[in-house]
Number of protein chains: 2
Amino acid sequence: MVAPLRRGLRAGPATPPDQNPPAPPPAAAGQEEIRRQNLGAVLRYVHVHGPTSRAELTSRLGLNRSTIGTLAADLVASGLVSEDVPTTARRAGRPSLVVTPRSERVYAHAVSIEPHRLRAARVGLGGHILHLRESPRAPGTALLDTIDDLVALLRAMPHDPGADTVCAGGAVAVADTARDEDGAVPAALDAALGTAEPDRPGFVAGDMADLAALAEHTRGVAAGIADLLYLYGDVGISAGIVTGGRLITGHDGHSGKVGHMVVNPHGHRCVCGSRGCWDTEAGTTALLRRAGAPAGTSPLAVVRAAALGGTAARDALYGVADWLGFGVANLVNVFNPDVVVFGGNLREVYAAGAATVRRRLDTMALPASREHLQLRAGALGADAPLIGAAEIAFENLLTDPLNGVVAG
Amino acid sequence: MVAPLRRGLRAGPATPPDQNPPAPPPAAAGQEEIRRQNLGAVLRYVHVHGPTSRAELTSRLGLNRSTIGTLAADLVASGLVSEDVPTTARRAGRPSLVVTPRSERVYAHAVSIEPHRLRAARVGLGGHILHLRESPRAPGTALLDTIDDLVALLRAMPHDPGADTVCAGGAVAVADTARDEDGAVPAALDAALGTAEPDRPGFVAGDMADLAALAEHTRGVAAGIADLLYLYGDVGISAGIVTGGRLITGHDGHSGKVGHMVVNPHGHRCVCGSRGCWDTEAGTTALLRRAGAPAGTSPLAVVRAAALGGTAARDALYGVADWLGFGVANLVNVFNPDVVVFGGNLREVYAAGAATVRRRLDTMALPASREHLQLRAGALGADAPLIGAAEIAFENLLTDPLNGVVAG
């Protein structure tokens, strides 16, 4: 069985905060422990990079050929990967077998609670969405009042009772985990789905922006990038921040509330009580206010109107893009990231106003931090939070591949 | 010998950026490697925590009693620690020997290049400053033009040629490592001091705020705190940022340039070209401008004048403290730290204006992030950058204690 993650776990590296000094490794790290770590390394590699030959695994993981062969055979026997002769052998001699994650068999549940909709996906090992269901969410519905609808979405997934599938766990992305302090949402999902028993992989929760950042960092536009600032636009703006290859969470998981940096002390009043928060100058409310559009209008409608030449929409878009660049410049001076990724509805705002964003950045960010900086629209689009949720749901399996998975 | 650290290394965790997937440990991690790690864990523990009984080391490090005894004996034999019968035995029975770092014998060189002075210290294992020398620096002197004076300070340290001392390495704190891109300063110190040979522990460089943050995190007011924002005030304001127990550095080591966040779009022109940077509203120039003091006045003179009841000085101090709180609030919303530490000349500004800083924070920081937040003046004062420099200078020794140290 997969040991259930702690309920309410937030997205982030599995390592605990630095203890001074770090505890040394057990004096007798057994062969079993080393095998477990090596199995995890092989499974994680193919999960992240896709089908990989034994030869490449040997060179990438620094293990010898026969060890890789044994590990791959163990993973095949457990039903987590398949091994196949490559369809195109490039060189003479016996081709190296290709190790492929069994995406259709091994999956995680990923759920997102967004302001206007609920989504549930089955994500296969390897990070591919196998099935996706969505339903509307009445604005303002309390988190726990969405549970019945979420369960209905999960139960509506195609399911062949005879199929030999296994579920590695589940995770739910919420816009602000601060509103779910006690992990009430994953606990309620576990209760409704019967995954609350200790021997069943249960649900965990993560912040929407953090999970989307994790997805783009693992297999999206920022794959392999160590210092990444991911900006997620929804009603407001929040950030998933990766520094030195690690997602930061802050003292209580509240880091990344960048929408409440005050950028304009003489600006508009924010729901938080401050004046001139980045949200009020560059968020959805700012775009609608500037465009004269009624509350509730989709920000994408304004972006489209601007593309069609609507003057008010274009002025609104460029005004917001300028403030977007303003806040990005401040964060770039603080973090010195390699890449800033725009996600959620900021993906379209950035795409339409990129020149304005860059112009503001070039006047405000320090040269040393902006010279090598890349600005990018997210590659995974609206699926990023679901794919990121699956990453944390798969974590136990990737850490200890043979310690069982339960039939799904 | 201590393997020299890479020249120009910036302060920061020794771990490389996350590679996806992490390489597994070597399949046959030898007993020697485990012994090396355990020796490092014992030496690091007493370096950070001071004299510690074998019994406490046994429980803190999770190793058995006889292993601790062997490790301690090896460290004694190498001259890195001493073992003594405790002066006050609290319980009946044979007392547990106390392991103490040999601070007077094993030391590191720590150097800081500050705007108005140069300092050099010999810091003993355990983090105590043994000797400290300083000389003035003419404002604007180029970094490399300070080398001769630094070398003179280092050579002026008391030195008993017959004493059995060993030097573990050296580190230099500079206000902005961006100005020393190629590690020119540590390389020049190595050349002048004869520490450039591969078998001698050489100098490394780190950012002033980063090193001060590391010192307060290791043995100061934020000891053991995982999420720490350290604000260092000098001519401007910069930050050393620890999240999840790790110092962040950004893509090229330029993170923490918080003084160039724009907080007031209608504010004063900054040397960086922007308008209303945090530096221009809450830094030294802001305090002097508001107080009507001539450029070059020490900001501490304004703080003292305010304490004596000078109206202009008090107005200046409270005005600056309000903008200080403004920027702290923004950073608290971004990072959600446990503690904000004020260092450099911000230590005195904060101490005198704490109520104003806190009031601004209470109106602008989100409740979830400010409720448990502590604001603190640095405990190590002006010595923090030197103590932090010694931390990175000792790093090789703490990682591999028995791999030699050269006579100092």
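What counts and what doesn't
- Within every chain, residues take consecutive numbers counted from 1 along the sequence as written.
- As a convention, the first chain written is A and the first ligand written is 1, with the rest following in written order.
- Local features in a predicted model are, by the rule used here, given only for residues with pLDDT of at least 70; side-chain atom pairs are given and counted only at 80 or more, and totals for whole chains, interfaces and linings are based on all residues.
- In this text, helices come from DSSP runs of H or I with a minimum length of four residues, and strands from runs of E with a minimum of two, each type numbered from the N-terminal end.
- Buried, partly exposed and exposed are defined by the number of other C-beta atoms within 10 Å of a residue's own C-beta, namely 20 or more, between the two limits, and 12 or fewer respectively, with C-beta atoms placed from the backbone.
- Whether two residues are in contact is decided by their C-beta atoms, placed from the backbone, lying within 7 Å.
- Amino acids outside the nonpolar list (Ala, Val, Leu, Ile, Met, Phe, Trp, Tyr, Cys, Pro) and the charged list (Asp, Glu, Lys, Arg) are all regarded as polar, and Gly is one of them.
- Alignment of the copies relies on least squares applied to C-alpha atoms, considering only residues that score at least 70 for pLDDT in both.
- In this description, the arc belongs to the directions extending from the helix axis to the C-beta atoms.
- What counts as a domain boundary in this text is fixed by an automatic or database domain assignment.
- When DSSP locates at least two bridges between a pair of strands, those strands are taken to pair.
- Here, axes are lines fitted to C-alpha atoms. For helices the fit covers the stretch in contact, and angles between N-to-C directions go from 0 to 180 degrees.
- Under the definition applied here, buried Ala, Val, Leu, Ile, Met, Phe, Trp, Tyr and Cys residues are grouped into a nonpolar core through C-beta atoms within 7 Å.
- The hand of a helix crossing depends on one turn: near helix anticlockwise from the far one by less than a right angle means left-handed, and clockwise means right-handed.
- pLDDT runs from 0 to 100 and stands for how confident the predictor is about each residue.
- Take the residue count of a helix, subtract one, and multiply by 1.5 Å to get its expected span.

**Q** Mind showing me how you'd approach the overall build of chain A here?
**A** Check the secondary structure of chain A and you find 13 helices and 14 strands. Considering chain A as a whole, with its 408 residues, one finds that 53% of them fall into the buried category. A separation threshold of at least 6 residues defines the contact pool for chain A, and within that pool the share at least 24 residues apart is 67%.

**Q** Sorry, what's going on with unusual backbone geometry here?
**A** Note: most peptide bonds trans; most residues except glycine with negative phi. All names here are of chain A. With a phi close to 50 degrees, Asn 336 is a non-glycine residue in the positive phi region. With respect to the helices and strands, the residue Asn 336 is situated in the loop between α10 (311–335) and β12 (339–344). The exposure class assigned to Asn 336 is buried, which follows from the 28 C-beta atoms found within 10 Å.

**Q** How do you make sense of the environment of Thr 146 of chain B when you look at a structure like this?
**A** Residues and elements named next belong to chain B. Summarising the element assignment, Thr 146 is placed in the loop between β6 (128–136) and α4 (147–155). Put simply, Thr 146 and Ile 241 are 95 residues apart on the chain and 28 Å apart in space, counted from C-alpha to C-alpha. Once residues lying within four places of it in the same chain are set aside, the contact partners of Thr 146 are Ile 113, Leu 118, Arg 137 and Thr 141.

**Q** Whenever I open this one, the interface of chain B and chain A confuses me. Can you help?
**A** Frequently, the measure chosen for interface size is the accessible area removed from exposure when the parts meet. Residue-level contacts link 60 residues of chain B with 59 residues of chain A. Sorting the residues of the side of chain B that touches chain A by element identifies α1 (31–49), α10 (311–335) and α12 (367–370) of chain B as the ones contributing at least two each. Counting residues per element, the side of chain B that touches chain A draws most heavily on α1 of chain B, which supplies seven residues. Looking at the side of chain B that touches chain A residue by residue, the classes come out as 30 nonpolar, 23 polar and seven charged.

**Q** It is not clear to me how the relation of the copies chain B and chain A should be interpreted in this structure. Could you clarify?
**A** Taken together, a rotation about one axis and a shift along it account for how the two chain copies relate. Laying chain B over chain A is done by rotating through 180 degrees and shifting 0.0 Å along the axis; what remains is an RMSD of 0.0 Å. The relationship between the two copies is best expressed as a two-fold rotation axis. Using C-alpha coordinates, one finds that chain B approaches the rotation axis most closely at Val 263 of chain B, a distance of 2.9 Å.

**Q** I'm lost on helix α4 (residues 147–155) of chain A in this one. Help?
**A** Note on helix geometry: an α-helix contains 3.6 residues per turn, so any two residues three or four positions apart are oriented the same way. Residues and elements named next belong to chain A. Every buried residue of α4 is accounted for by Ile 147, Leu 150, Leu 153 and Leu 154. In an axial view of α4, the angular spread of the buried residues amounts to 120 degrees, which keeps them on one side of the axis. Across α4 from its buried face, at more than 90 degrees, point the exposed residues Asp 148 and Arg 155. In this structure, the buried side of α4 is in contact with β4 (106–113), β5 (117–124), β6 (128–136) and α5 (184–193).

**Q** Looking at this structure, I do not really get the domain arrangement of chain A. What am I missing?
**A** Residue and element names in this part refer to chain A. Splitting chain A by domain gives domain 1 (1–17 + 30–88 + 99–220 + 385–408) and domain 2 (222–379). Placing the centre of domain 1 and that of domain 2 at their C-alpha centroids yields a distance of 30 Å. On the domain 2 side, the residues contacting the 20 residues of domain 1 number 22 residues. No other element matches the ten residues that helix α6 (residues 208–219) contributes to the side of domain 1 that touches domain 2. Of the residues that constitute the side of domain 1 that touches domain 2, the class distribution is ten nonpolar, five polar and five charged.

**Q** Got a minute to help me understand the sheet that holds strand β9 (residues 228–233) of chain B in this structure?
**A** Pairing between sheet strands relies on hydrogen bonds along the backbone, with the strands arranged either parallel or antiparallel. All names here are of chain B. If you walk across this open sheet you meet the five strands as β11-β10-β9-β12-β13, and the pairing is mixed. What marks the edges here is a single partner per strand, and that holds for β11 (246–247) and β13 (374–377). Sheet topology note: the strand β10 (residues 237–243)/β11 ladder contains two bridges and is antiparallel. In the strand pairing of β11, Thr 243 is matched with Arg 246. Relative to strand β12 (residues 339–344), helix α11 (residues 346–364) is tilted by about 140 degrees, and along the sheet it contacts β9, β10, β12 and β13.

**Q** Explain the nonpolar core to me, please; I cannot follow it from the model alone.
**A** General note: in soluble globular proteins, nonpolar side chains tend to be found buried as a group. Residues Val 42, Val 172 and Ala 389 of chain A together with Val 42, Val 172 and Ala 389 of chain B are the most contacted members of the largest nonpolar core, which totals 244 residues. Filtering out sequence-adjacent residues up to four positions away, Ala 389 of chain B remains in contact with Ala 110, Val 111, Ser 112, Ala 171, Val 172, Ala 173, Gly 206 and Leu 211 of chain B.

**Q** I would appreciate a short explanation of the pairing of strand β8 (residues 203–207) of chain A in the present structure.
**A** On a regular strand, each side chain points to the face opposite its neighbour's, so the side chains alternate between the two faces of the sheet. Residue and element names in this part refer to chain A. With five of its five residues buried, β8 lies for the most part within the structure. Across the two faces of β8 the burial is the same, with Phe 203, Ala 205 and Asp 207 and Val 204 and Gly 206 all buried. Pairing between strand β7 (residues 166–174) and β8: five bridges, direction parallel. Pairing of Val 174 across the sheet is with Asp 207, part of β8.

**Q** Please clarify how the sheet that holds strand β1 (residues 52–53) of chain B should be interpreted in this entry.
**A** Residues and elements named next belong to chain B. Pairing is antiparallel in the open sheet, where three strands are placed in the order β1-β3-β2. Since the sheet does not close on itself, it has two edges, and those belong to β1 and β2 (81–84), each with one partner. Relative to strand β3 (residues 98–101), β2 runs antiparallel, the two sharing four bridges. Residue Val 81 lies in a different strand from β3, and its bridge partner there is Pro 101. In the packing of α1 onto the sheet, the strands contacted are β1, β2 and β3, and the crossing angle to β3 comes to about 75 degrees.

**Q** Help me out: how do you make sense of the packing of helix α8 (residues 284–291) of chain B against α10 of chain B in this one?
**A** The description of two helices packed together rests on the angle between their axes and the distance between the axes. Residue and element names in this part refer to chain B. α10 packs onto α8 with a crossing angle of 145 degrees between their chain directions and a minimal axis gap of 8 Å. The handedness of the crossing between α8 and α10 comes out as right-handed. In this structure, α8 uses Ala 286, Leu 287, Arg 290 and Ala 291 to contact α10, whose residues at the interface are Ala 312, Ala 313, Asp 315, Ala 316, Gly 319, Val 320 and Trp 323. Residue classes in the contact of α8 with α10 are distributed as eight nonpolar, one polar and two charged.

**Q** Even after reading the chapter, I still don't get the confidence of the model for chain A, so can you show me in this structure?
**A** The predicted model of chain A has a mean per-residue pLDDT of 88, with 88% of residues at 70 or higher. Confidence metrics for the complex model read pTM 0.90 and ipTM 0.89.

**Q** Help me understand helix α1 (residues 31–49) of chain A in this model?
**A** Residues and elements named next belong to chain A. Under the 1.5 Å per step criterion, the end-to-end length of α1 is 27 Å for 19 residues, consistent within 8% with the ideal 27 Å. The complete set of buried residues in α1 reads Asn 38, Leu 39, Gly 40, Ala 41, Val 42, Leu 43, Arg 44, Tyr 45, Val 46 and His 47. On its buried face, α1 sits against β1 (52–53), α2 (54–61), α3 (65–77), β2 (81–84), β3 (98–101) and α13 (384–399).

**Q** Please explain the environment of Leu 247 of chain B as it appears in this structure.
**A** Within the secondary structure, Leu 247 of chain B sits in strand β11. When the C-alpha atoms of Leu 247 of chain B and Leu 229 of chain B are compared, they prove to be 9.9 Å apart, with 18 residues separating the residues in sequence.

**Q** Got a minute to help me understand the packing of α1 of chain A against α13 of chain A in this structure?
**A** Residues and elements named next belong to chain A. Running from N to C, α1 and α13 cross one another at 145 degrees; their axes reach a closest spacing of 8 Å. Contacts from Gly 40, Leu 43, Arg 44 and His 47 of α1 reach α13 at Phe 394, Leu 398 and Thr 399. Looking at the contact of α1 with α13 residue by residue, the classes come out as three nonpolar, three polar and one charged.

**Q** Is there a simple way to think about the environment of Trp 323 of chain B in this case?
**A** Residue and element names in this part refer to chain B. Mapping Trp 323 onto the fold places it in helix α10. A residue is classified by how many C-beta atoms lie within 10 Å of it, and Trp 323, with 24 of them, is buried. Considered as a pair, Trp 323 and Ala 286 are 37 residues apart in the sequence and their alpha carbons are 9.7 Å apart. Aside from chain neighbours lying at most four places away, what touches Trp 323 is Val 263, Glu 281, Ala 282 and Ala 286.

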